[in-house]
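If you want the building blocks of each chain, they are given just below.
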Amino acid sequence: PSARTFYDEVGGAPTFTRLIAHFYAAVRTDPVIGPLYPQDDWQGAEVRLRSFLEQYWGGPTTYSQQRGHPRLRMRHAPFAIGPVERDAWLTHMRAAVDSLGLTAEQDATLWGYLEMAARSMQNRFPDD
Ligand code: HEM
């Protein structure tokens, strides 16, 4: 039997569904990053991010079955992501994580990853 995953520990699919619904409700109306998303496919965007995070934390591998290898930096290349866009993304994600009521340790685990991942997705560096 495999070890209990972080996905299970935080409550499985319902937890990730709440996280991503909360996040995208804010992103949709954000004047900085909202316009980057497919305006006619918010539902699809939700499914892609949710299933990626579920898979990352040990849940179902639906993301890779539907999308293949994540290659997230490459998939973000079409979007100009500087510090302002990165911070807008993180602000909405921080509020969404807060809404989950995780333990301090679970919160630190999840947030540590998200902050690192958001930094790695940045592809515009104004000081260059
Ligand atoms: C897709 C923006 C960070 C995971 C997207 C899309 C946009 C976007 C505009 C296209 C929406 C779609 O059609 O799915 C941003 C911005 C970020 C950011 C502005 C700020 C740093 C992240 C981070 C992660 C992530 C940190 C992972 C932890 C994903 C995934 C997809 C996606 C999984 C769907 C990829 C696919 O299969 O096509 N992002 N993103 N993004 N993003 Fe981000």
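Up top is the structure.
Definitions and cut-offs
- Residues numbered from 1 in each chain as written.
- Predicted model: local features only at pLDDT ≥ 70, side-chain atom pairs only at ≥ 80, totals over all residues.
- Heavy atoms only, no water.
- Phe/Tyr/Trp six-rings, centres within 6.5 Å; stacked < 30°, edge-to-face > 60°.
- Helix = DSSP H or I, 4+ residues; strand = E, 2+ residues; numbered from the N terminus.
- Buried < 20%, exposed > 50% of the residue type's maximum accessible area, 1.4 Å probe, protein only.
- Lys NZ or Arg CZ within 6 Å of the ring centre and 35° of its normal.
- Axes fitted to C-alpha atoms, helices over the stretch in contact; angles between N-to-C directions.
- Parallel < 35°, antiparallel > 145°, perpendicular 65-115°, else oblique.
- Left-handed = near helix turned anticlockwise from the far one by under 90°.
- Contact = heavy atoms within 4.5 Å.
- Nonpolar A, V, L, I, M, F, W, Y, C, P; charged D, E, K, R; others polar.
- Near = heavy atom within 4 Å.
- Polar contact = N/O pair within 3.5 Å; in protein donor to acceptor, adjacent residues only side chain to side chain.
- 1 Å grid on protein atoms, 1.4 Å probe; cavity = no way out; pocket = protein on both sides within 12 Å on 5 of 7 lines; lining within 4 Å.
- Sits in = over half its atoms within 2 Å of the grid points.

## Re the packing of aromatic side chains
Right, so step 1: On inspection of all chains with the given rule, the structure shows 12 aromatic pairs.
Right, so step 2: Pairing Phe23 with Trp89 gives two aromatic rings, centres 5.2 Å apart and planes at 65°, and the pair type is edge-to-face. One end of the pair, Phe23, is in helix α2 (residues 13–28); the other, Trp89, is in helix α6 (residues 83–98), and 66 residues separate them in sequence.
Right, so step 3: A relative accessible area of 0% places Phe23 in the buried class.
Right, so step 4: Its relative accessible area of 19% is what places Trp89 among the buried residues.
Right, so step 5: Here the basic side chain of Arg94 rests over the ring of Trp111, its NZ or CZ set 4.8 Å away from the ring centre.

## Focus on the packing of α2 against α6
Axes are the key here: two packed helices are described by the angle between their axes and the distance separating the axes.
Right, so step 1: In the contact formed by α2 and α6, the axes pass within 8 Å of each other and the chain directions differ by 140°. Between α2 and α6, the crossing angle belongs to the class labelled oblique. The element α2 and its partner α6 pack so that their crossing is right-handed. Contacts from Leu19, Ile20, His22, Phe23, Ala26 and Val27 of α2 reach α6 at Trp89, His92, Met93, Ala95, Ala96 and Val97.
Right, so step 2: Within the contact of α2 with α6, the residues separate by chemical class into 10 nonpolar, 2 polar and no charged.

## Digging into the site of the ligand
Right, so step 1: Taken together, 20 residues are adjacent to the ligand, and Tyr37, Arg48, Tyr63, Arg67 and His76 come closest.
Right, so step 2: Between an oxygen atom of the ligand and a side-chain N or O atom of Arg48, the distance comes to 2.7 Å.
Right, so step 3: Tyr63 is positioned such that a nitrogen or oxygen atom in its side chain is 2.5 Å from an oxygen atom of the ligand.
Right, so step 4: In this structure, the ligand is accommodated by the largest pocket.
Right, so step 5: Across the shell around the ligand, the residue classes tally to 15 nonpolar, 1 polar and 4 charged.

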